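Here are the chains, one letter per residue:
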Amino acid sequence: PLLHSTIRLLSFAIALTLLAFPFASVISGLQRLDMTNFLWALNTITTASLAAIFVGLGKGIPGLVDAIVLTSGVLFLLNVVLAWRLLPQLRINPALLRITDIKTLSAFSAQVYIIQAMATVYFHTEKLLLAHFAGPTPVGWYEIASDLALKIKNAPALLMTPLMPAAAELAARSDDAR
């Protein structure tokens, strides 16, 4: 029963996350990177904080699941509210959906999903091998060190987040001097 309820709750969290994507796309499509970054940070901090609190209270795996579900719900609501505030004319009307559009989007999405799955396997193969030959503890230490090294390596990319929209705006204004 615990496994079934855990799977049901995680499925609900996944559904909320998937339903939030169109609204998050509106926010990022309007180049509101301040809000996009805020939501990303809020997601990370809230999930980690709730997970620590629930595990600290002795809730174990169900506590982790509760943290994920609560965070997914909050992020879904925030994405919906922010998207509608940024774009008040946004309307969701299933009657406007065309089967041909759904087929085209689904075909493209399936290809993207397959590529992402292949990339996941590719980027984590060394961990699978390490786990097979050395056990799970060395994999944990390897993952911590690897993640830290990746974050340090990608630190210069943080500059690109604010620079790209600013450069696009300057190009649109033909402001070559700045």
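Per-chain numbering applies: the sequence of each chain, read as written, is numbered from 1 onward. Per-residue local features of the predicted model are confined to residues with pLDDT of at least 70, and side-chain atom pairs are confined, for both listing and counting, to 80 or more; whole-chain, interface and lining totals are unaffected and use all residues. To obtain the side-chain values, all non-hydrogen atoms of the structure were used and water was disregarded.

Provide a residue-level description of the packing of helix α2 (residues 33–56) against helix α3 (residues 60–86), including the pertinent values.
α3 packs onto α2 with a crossing angle of 160 degrees between their chain directions and a minimal axis gap of 8 Å. Relative to α3, α2 is oriented roughly antiparallel. Where α2 crosses over α3, the handedness of that crossing is right-handed. Ten residue types, Ala, Val, Leu, Ile, Met, Phe, Trp, Tyr, Cys and Pro, are classed as nonpolar, four, Asp, Glu, Lys and Arg, as charged, and the remainder, Gly among them, as polar. For the contact of α2 with α3, a count of residues per class yields 15 nonpolar, seven polar and one charged. Angles run from 0 to 180 degrees between N-to-C directions of axes, and those axes are lines fitted to C-alpha atoms, restricted for helices to the stretch in contact. Secondary structure elements follow DSSP: runs of H or I of four or more residues count as helices, runs of E of two or more count as strands, with numbering from the N terminus. Note that the term roughly parallel is reserved for angles under 35 degrees, roughly antiparallel for angles over 145, roughly perpendicular for angles of 65 to 115, and oblique for everything else. What makes a crossing left-handed is the near helix being turned counterclockwise from the far one by less than a right angle; a clockwise turn instead makes it right-handed.

How would you sum up the confidence of the model for the protein chain? Please name residues and give values.
On average, residues of the protein chain score 87 in pLDDT, and 98% of them are at 70 or above. Confidence scores here are pLDDT values: one per residue, from the predictor, ranging 0 to 100. The secondary-structure element of the protein chain with the lowest mean pLDDT is helix α6 (residues 160–172), recorded at 76, while α3 shows the highest, at 93.

Any chance you could break down the pattern of salt bridges for me, citing the residues and the numbers?
Any Lys or Arg side-chain nitrogen found within 4 Å of a carboxyl oxygen on Asp or Glu counts as a salt bridge. This model, assessed by the stated rule, comprises six salt bridges. Measuring nitrogen to oxygen at the nearest pair gives 2.9 Å for the salt bridge that ties D101 to R98. We call a residue buried when its accessible area falls under 20% of the maximum for its residue type, exposed when it is over 50%, and partly exposed in between, using a 1.4 Å probe and counting protein chains only. Here R98 falls in the exposed class, since its relative accessible area comes to 52%. Across the salt bridge formed by R173 and E169, the nearest N and O atoms sit 2.3 Å from each other. With relative accessibility at 55%, the residue R173 sits in the exposed group.

Please give an account of the packing of aromatic side chains that cites residues and values.
Think of a pair of aromatic rings as described by two things: how far the centres are apart, and how the planes are tilted against each other in angle. Only Phe, Tyr and Trp rings are paired, with Trp represented by its six-membered ring, and only when their centres lie within 6.5 Å; those with planes under 30 degrees apart are stacked, over 60 edge-to-face, the remainder tilted. Applying the stated rule across the entire model yields three aromatic pairs. Where F23 meets F76, the ring centres are 6.4 Å apart and the plane angle is 85 degrees; that geometry is what we call edge-to-face. Of this pair, F23 sits in helix α1 (residues 2–29) while F76 sits in helix α3, and the two are 53 residues apart along the sequence. Residue F23 shares its accessibility class with F76, and that shared class is buried.

How would you explain helix α4 (residues 99–134) if you had to name every residue and give the values?
With 36 residues, α4 extends 50 Å from end C-alpha to end C-alpha; this agrees with the ideal 52 Å at 1.5 Å per step. Two axes enter the definition of the bend at a residue: one is fitted to the seven residues ending there, the other to the seven starting there, and the bend is the angle between them. In α4, a bend of some 55 degrees at H124 exceeds every other bend along the element. In the stretch just after α4, G135 is the one whose phi turns positive, near 105 degrees. The length a helix should cover is 1.5 Å for every residue beyond the first.

I'd like to hear about the nonpolar core, residue by residue, with values.
Take the buried residues of types Ala, Val, Leu, Ile, Met, Phe, Trp, Tyr and Cys, join any two whose side-chain atoms come within 4.5 Å, and each joined set is a nonpolar core. F23, I27, L39, F76, L82 and A83 are the most contacted members of the largest nonpolar core, which totals 13 residues. Elements supplying a minimum of two residues to this core: α1, α2 and α3. Note on contacts: a residue pair is in contact if any heavy atoms of the two residues lie within 4.5 Å. When neighbours within four sequence positions are excluded, A83 is seen to be in contact with F23, V26, I27 and L90.

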